[in-house]
Amino acid sequence: MFCKESPSLQTLSTAKSLSSLFPKPSALINPILTGRRDKPCRRQNFRGRCRITASQSNIAQKGKLLKEKVKRIKVKGFITAEEGLLESLSWSRPLDVITDIRGRSLLVELISAETDTRTVMEEGPVEDYAQRVWFESRNEKYECVFDMPEDFGTVGAIRVQNQHHREMFIKEMKLELPSGSVTFTCNSWVTPKSIDPTKRIFFSNKSYLPSATPEPLKKLRKEELETLQGNNRERVGEFAKYERVYDYDVYNDVGDPEKDERLARPVMGGLSHPYPRRCKTGRKPCEKDPSSEKREGEFYVPRDEEFSSTKGTAFTGKAILAALPSVFPQIEAALLDPNLPFPHFKSIEDLYEVGIDIPKDAGLLPMIPKLIKVVAEAQDNLLQFDPPILLNKDRFSWIRDDEFARQTLAGLNPYCIQLVTEWPLKSKLDPAVYGDPKSLITWDIVEKEIRGVMSVDEALKNKRLFMLDYHDLLLPYVNKVRELDDTTLYASRTLFFLSDDSTLRPVAIELTRPPDVNRPQWSQVFTPGYDATSCWLWNLAKTHAVAHDAGYHQLISHWLRTHCCMEPYIIAANRQLSAMHPIYRLLHPHFRYTLEINARARQSLVNAGGIIETCFWPGKYSLELSSDVYAKLWRFDREGLPADLISRGLAVEDETAEHGLRLTIPDYPFANDGLMLWDALKEWITESVKHYYPDAALITCDEELQAWWSEVRNIGHGDKKDEPWWPVLRTQDDLIGVVTTIAWVASGHHAAVNFGQYGYGGYFPNRPTTTRIRMPVEEPTEEELKEFYEEPEKVLLKTFPSQKQATQVMVTLDLLSTHSPDEEYLGEEPEASWVDDPVIFAAYERFKGRLKHLEEVIDERNVNVSLKNRAGAGVVKYELLKPISQPGVTGMGVPYSVSI
């Protein structure tokens, strides 16, 4: 590999052996091989090679081309590129060296954005071959010198053809024009000419609405979209890695019936199981089940959607999720009884304090970032999990009721607590199938637990009762899940009372099992105990309730509402919005890596037999459950934070209140910080939208914008296309609302439910992902009752996930909570197109200032001990919505996109 410090001997030998083929090569070879950056290499005389393609006049007399002398100028262009991580080892490298020596690394064309004033036709393109002039590490720089007509006008686009035999990542091209420099920000992989001879189109950083696009660029704008839609695709079948095709498909690739009939899963997407659409791969259907797609090879995503080499390196060569199944057996082999519970709590704490022995040749295990720390060089086979912040702050907090309640407002899943508005509580399910719909949580139970502070009527009127309600959602799955090995399930309701200090107090937990052919319905209410037996029953009931919340969080609040539902917006945007469209450029940072991480999730997380199915209580019904929630509860118009809070009764509109909302629970850390972030996003997006759309008519006549939103609704979320709540893009406010909602889901929503996963779930007793045995009072045997009374701690440990499940979840949560070294955070670096527009850049700077203020406010709130849900003795600070973070597991940081 060429580099400044250590030139390749093989390359030198190749160059010398071929030197006789090229006249005077030394002027090109020396600067490259010495890696000198201080003195740009002298170029060969390319006069005669660079050409101007003239357009024929439509007023030519006697069929002859009108010729007139036009003054030409020399224009330099510099391209910055990057090699792939392993490209220097490619067999084609010597051939590419020859190409570089000849000065023909890239063919570049400049496209004018103006018509020829002499012929009233498009200016012909100006082209030149780019020559590599220096490189260091993996960065390379190429130079072009264009022989350009003086009246060529504004350069609106470039076309690039890669002459190498390896793909290249083109970062940007800068043109040095007499009027000043012009930058084309590319950030794209360009396929070798030998694989795809089509010239890649890149537009300048100036944004255009379709109606305002210069005439010479309109055709290119259309051609590029047709390529991304797959209209120009010649081959059939599975998409190749180099192709850039964005299309839709259903979730028919999570099952694997070819491998094992037990791994067959229903298709998610369609009338039976409504679901958002995913990115199409074009793979063949399974022979055993034609409705399912074959799981062969890597999951295709368009090349530019894949992880960067920096992120790929941090995640063990780009595909750590795919590697996890290989890592788990190594950890399992180190455990004495992987399928049994931990024998005592000390054995759980030993994972952090003592560590576990693993084989010396542990393969991929030590490569997982921040998962495990090596205690000492002499003990490189002794590995420990990093203790999560909850354990470091207060190792006993997880068992306390106040912490259980606090985490509903400031923990990992702040999206499910809701106001109780009707009493008595009652199921809406069919009683003939699911039993008595009336809840056993009565007035007497509630009034006893709130100790006469007020009556239930007063509590309802004053908005003091709140609930985690997983009753109707889980009841249809209880009997099915109980048929699975080593797991159990209840439907649950958890009731809380709001105290005057804005903290929640748990009041009651109701667990229900529906009737089946052999048994009637079973239901029981548990309350905080005042004697040993009731205290242990309460803690066991809490374990089941928290497990329900953990499963809902992972499958719904996290996977469905962020990862899954974002994908159609991304596919539609790339198919219908040109790269030069201002709304595309506004949203593009929010789309980074999402298709890639979703593909990895389908490969190893949510697939049949994957991590979610083996470690979380829904088991093989995981995606089916998320489909039910999508069908019954998901609405785009409630995905924005204010609408979500209002729909759950956690806020009401109030023009006199900050953010226009009055919170029902004043100290609600997620909502307090989230609304500041929402407002900052909305103000930034409002300024951008009104800059490009000063008139609402521009929105209604923007065919690209309307096609994008129509495709999101009718195809990407096609199973819900007829819902009346879909916004219609008619006004600036309509567009602002849509874009702000998408930006919020990708950034604030995802950050709030993702980056605290290891902090709160890394110590699994705090958030068990499944429960394995029934409550000891549900039709107990004599032996079960005896064990509960004599060894209640043992019963709790047997209720928790197994050693195998717990350690697998800890590994996965550590990975999912990790910030990559190349993460892009809100307000950190602006997009190049924003910088080039003074109005947009000024708006962005104001956005950046608001985020800085948010960070300061969060720091102030976290030391205010009157805010008991985020400050106090041993309380984990609420920092999940602090915009900026360092790499690693930090429990803070809001990236633009769903990138992990």
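Being a predicted model, the structure only gives us computed values, none of them experimental.

1. Description of the overall build of the protein
Across its full length, the protein carries 29 helices and 22 strands. Across the protein, contacts joining residues at least 24 apart in sequence account for 74% of those joining residues at least 6 apart. Accessible surface, the protein as shown: approximately 37,100 Å² in total, 51% of it carbon and sulfur.

2. With respect to the nonpolar core
Counting 170 residues, the largest nonpolar core has Ile583, Leu645, Tyr668, Trp708 and Ile742 as its most contacted members. If you tally residues by element for this core, the top one is helix α14 (residues 532–576), at 20 residues. Excluding anything up to four places from it in sequence, Tyr668 contacts Leu409, Pro414, Ile417, Leu645, Arg648, Leu650 and Leu663. Core analysis: the next-biggest nonpolar cluster, separate from the first, contains 26 residues, Val75, Ala81, Val108 and Met173 among them.

3. Regarding the sheet that holds strand β20 (residues 522–526)
Here five strands make up an open sheet; going across it, the order is β16-β17-β18-β19-β20 and the pairing antiparallel. Because the sheet does not close on itself, it has two edges, and the strands there are β16 (418–419) and β20. Where strand β17 (residues 465–469) meets strand β18 (residues 491–498), five bridges bridge the pair, whose relative direction is antiparallel. By the bridge assignment, Phe466 is partnered in β18 with Phe496. Together, β17, β18 and β19 (504–513) form the strand contacts of helix α9 (residues 401–410), whose direction differs from that of β19 by roughly 85 degrees. Sheet contacts for α14: β17, β18, β19 and β20; angle to β19, the most-contacted strand, approximately 80 degrees.

4. A short note on the pattern of salt bridges
Applying the stated criterion across every chain yields a total of 64 salt bridges. A salt bridge links Arg464 to Asp500, with the shortest nitrogen-to-oxygen separation between them at 2.7 Å. Taken together, the residues span a long stretch of sequence, with Arg464 in the loop between α12 (456–461) and β17 and Asp500 in the loop between β18 and β19 at a distance of 36 residues. Classification of Arg464 by relative accessible area gives buried; the value is 16%. Relative accessible area serves as the criterion here: at 71%, Asp500 is assigned to the exposed category. Overlapping salt bridges, with partners in common, bring together Asp249, Asp253, Arg278, Arg283, Glu293 and Arg602 in one network.

5. Thoughts on unusual backbone geometry
Look at the link from Trp423 to Pro424: it is a cis peptide, with omega at 5 degrees. With respect to the element layout, Pro424 can be found in the loop between β16 and α10 (431–434). Positive phi outside glycine occurs at Asn187, with the angle close to 45 degrees. Classification of Asn187 as partly exposed rests on a relative accessible area of 44%. Unusually for a residue other than glycine, Lys463 sits at a positive phi of about 55 degrees. Locating Lys463 in the fold gives a position in the loop between α12 and β17. Judged by relative accessible area, Lys463 falls into the partly exposed class, the value being 32%.

6. What to know about the packing of aromatic side chains
In the structure shown here, the tally under the stated rule is 36 aromatic pairs. Arranged with centres 5.8 Å apart and planes meeting at 15 degrees, the rings of Trp684 and Phe847 form a pair that is stacked. Here Phe847 lies in helix α29 (residues 838–861) and Trp684 lies in helix α20 (residues 669–692), a separation of 163 residues in the sequence. For the residue pair Trp684 and Phe847, the accessibility class agrees, reading buried in each case. Linked through ring pairs, Tyr251, Tyr275, Trp559, Tyr569, Tyr630, Trp634, Phe636, Trp708, Trp709, Trp725 and Trp726 together constitute an aromatic cluster. If you follow Arg283 out to its NZ or CZ, it ends over the ring of Phe299, 4.3 Å from the centre. Cation over ring: Arg482 sits above Tyr490, and NZ or CZ is 4.8 Å from the ring centre.

7. Some thoughts on helix α13 (residues 471–482)
In this model α13 runs 16 Å from its N-terminal to its C-terminal C-alpha over twelve residues, within 8% of the 16 Å that 1.5 Å per residue would give. Of the residues making up α13, those classed as buried are His471, Leu473, Leu474, Leu475, Tyr477, Val478, Val481 and Arg482. Check the buried side of α13 and you find it contacts α10, β17, β18, β19, α14 and α18 (622–633).

8. Quick word on the pairing of strand β8 (residues 168–177)
In the sheet, strand β1 (residues 72–82) pairs with β8 via seven bridges, with the strands oriented antiparallel. Bridge pairing in β8 links Ala81 to Ile170. Sheet topology places β8 next to strand β9 (residues 180–190); nine bridges connect them, and they run antiparallel. Bridge pairing in β9 links Ile170 to Ser188. Connecting the antiparallel pair β8 and β9 is a turn made up of two residues.

9. Quick word on the packing of α14 against α18
Direction vectors running N to C along α14 and α18 enclose 65 degrees, while the axes themselves pass 10 Å from each other. Taken together, the axis directions place α14 and α18 in an arrangement best described as roughly perpendicular. Crossing geometry of α14 relative to α18 is assigned as right-handed. Within the contact between the two elements, α14 uses Tyr552, Leu555, Ile556, Trp559, Leu560 and Cys565 and α18 uses Ser622, Leu623, Leu625, Ser626, Val629, Tyr630 and Leu633. Its residues assigned to classes, the contact of α14 with α18 shows eleven nonpolar, two polar and no charged.

10. Structural notes on the packing of α20 against α29
If you want to describe how two helices pack, look at the angle between their axes and the distance between the axes. At their nearest, the axes of α20 and α29 sit 10 Å apart, and the two run at 175 degrees to each other. When the axis of α20 is compared with that of α29, the two are roughly antiparallel. Of the residues belonging to the contact of α20 with α29, the class tally is 15 nonpolar, four polar and six charged.

11. Section: the environment of Pro338
Within the secondary structure layout, Pro338 lies in the loop between α6 (320–334) and α7 (345–353). According to the relative accessible area criterion, Pro338 is buried, its value standing at 15%. Separated by 466 residues in the primary sequence, Pro338 and Lys804 have C-alpha atoms spaced 4.5 Å apart. Ignoring sequence-local partners within four residues, the contact set of Pro338 consists of Glu332, Ser802, Gln803 and Lys804.

12. Observations concerning the side chain of Thr191
Along the chain, the position of Thr191 falls in the loop between β9 and β10 (200–203). Assessed through its relative accessible area of 13%, Thr191 is described here as buried. Leaving out residues up to four positions away in the same chain, Thr191 has contacts with Asn162, Asp196 and Tyr242.

13. Some thoughts on the confidence of the model for the protein
The predicted structure's coordinates, where accompanied by low pLDDT, should not be read in detail. On average, residues of the protein carry a pLDDT of 87, and 84% of them reach 70 or more. Counting interchain partners and residues more than four positions distant, the pLDDT-below-50 stretch residues 1–67 has 98 contacts. In this model residues 369–379 is a low-confidence stretch, pLDDT under 50, and it forms 27 contacts with partners more than four residues away in sequence or in other chains.

14. Concerning the pairing of strand β6 (residues 139–149)
Of all the eleven residues making up β6, nine are buried; the element is thus mostly covered by neighbouring parts of the structure. Two elements, β1 and β6, share eleven bridges in a ladder whose sense is antiparallel. Bridged to Phe78 within β6 is Glu143.

15. Let's talk about helix α16 (residues 594–604)
In terms of burial, α16 is a largely internal element, eleven of the eleven residues being buried. Restricting attention to buried positions, one finds in α16 the residues Thr594, Leu595, Glu596, Ile597, Asn598, Ala599, Arg600, Ala601, Arg602, Gln603 and Ser604.

16. Some thoughts on the environment of Val777
Relative to the elements of secondary structure, Val777 occurs in the loop between α24 (757–761) and α25 (782–790). For Val777, a relative accessible area of 25% translates into the label partly exposed. It is 9.1 Å that separates the C-alpha atoms of Val777 and Gln524, two residues lying 253 residues apart in sequence. Every residue in contact with Val777, bar those within four places of it in the chain, is listed here: Trp522, Gln524, Phe526 and Leu537.

17. Some points on the side chain of Ser204
Inspection of the secondary structure puts Ser204 in the loop between β10 and α4 (215–229). In this structure Ser204 comes out as buried when scored by relative accessible area, which is 8%. Sequence-distant contacts of Ser204, defined by excluding residues within four places in its chain, comprise Val155, Gly156, Thr183, Phe184 and Arg585.

Parameters at a glance
- One numbering rule holds for all chains: residues counted from 1, following each sequence as written.
- Note on the predicted model: pLDDT of at least 70 is required for a residue's local features to be given, and 80 or more for side-chain atom pairs to be given and counted; whole-chain, interface and lining totals, by contrast, use all residues.
- With hydrogens and water stripped out, all remaining heavy atoms of the structure feed into the side-chain values.
- To qualify as a helix, a DSSP run of H or I must reach at least 4 residues; to qualify as a strand, a run of E must reach at least 2; elements of each kind are numbered from the N terminus.
- By definition, residues are in contact when any of their heavy atoms lie within 4.5 Å.
- Per-residue and other accessible areas were derived by the Shrake-Rupley procedure at a 1.4 Å probe size, with only the shown protein chains allowed to occlude residues.
- As used in this record, nonpolar core signifies buried Ala, Val, Leu, Ile, Met, Phe, Trp, Tyr and Cys residues forming a set joined through side-chain atoms within 4.5 Å.
- Only protein chains enter the accessibility calculation, which uses a 1.4 Å probe. A residue is then buried if its area is under 20% of the maximum for its type, exposed if over 50%, and partly exposed in between.
- Note on pairing: DSSP must find at least two bridges between two strands before they are called paired.
- For every element, the axis is a line fit to its C-alpha atoms; helices are fit only across the contacting stretch, and the angle between N-to-C directions ranges from 0 to 180 degrees.
- When a carboxyl oxygen of Asp or Glu lies within 4 Å of a side-chain nitrogen of Lys or Arg, that pair is called a salt bridge.
- A pair of aromatic rings is counted whenever rings of Phe, Tyr or Trp (Trp by its six-membered ring) have centres within 6.5 Å, and the orientation is called stacked for planes under 30 degrees apart, edge-to-face for over 60 and tilted otherwise.
- Placement of a charge over a ring requires the Lys NZ or Arg CZ to be within 6 Å of the ring centre, with the centre-to-atom vector within 35 degrees of the ring normal.
- Between the first and last residue of a helix there are one fewer steps than residues, each counted as 1.5 Å, and that sum is the expected span.
- Note on angle classes: values under 35 degrees are labelled roughly parallel, values over 145 roughly antiparallel, values of 65 to 115 roughly perpendicular, and the remainder oblique.
- Handedness of a crossing is defined here by the sense of rotation of the near helix relative to the far one, left-handed for an anticlockwise turn of less than a right angle and right-handed for a clockwise turn.
- In this classification, the charged set is Asp, Glu, Lys and Arg, the nonpolar set is Ala, Val, Leu, Ile, Met, Phe, Trp, Tyr, Cys and Pro, and all remaining amino acids, among them Gly, are polar.
- As a per-residue quantity, pLDDT reports the predictor's confidence and falls between 0 and 100.

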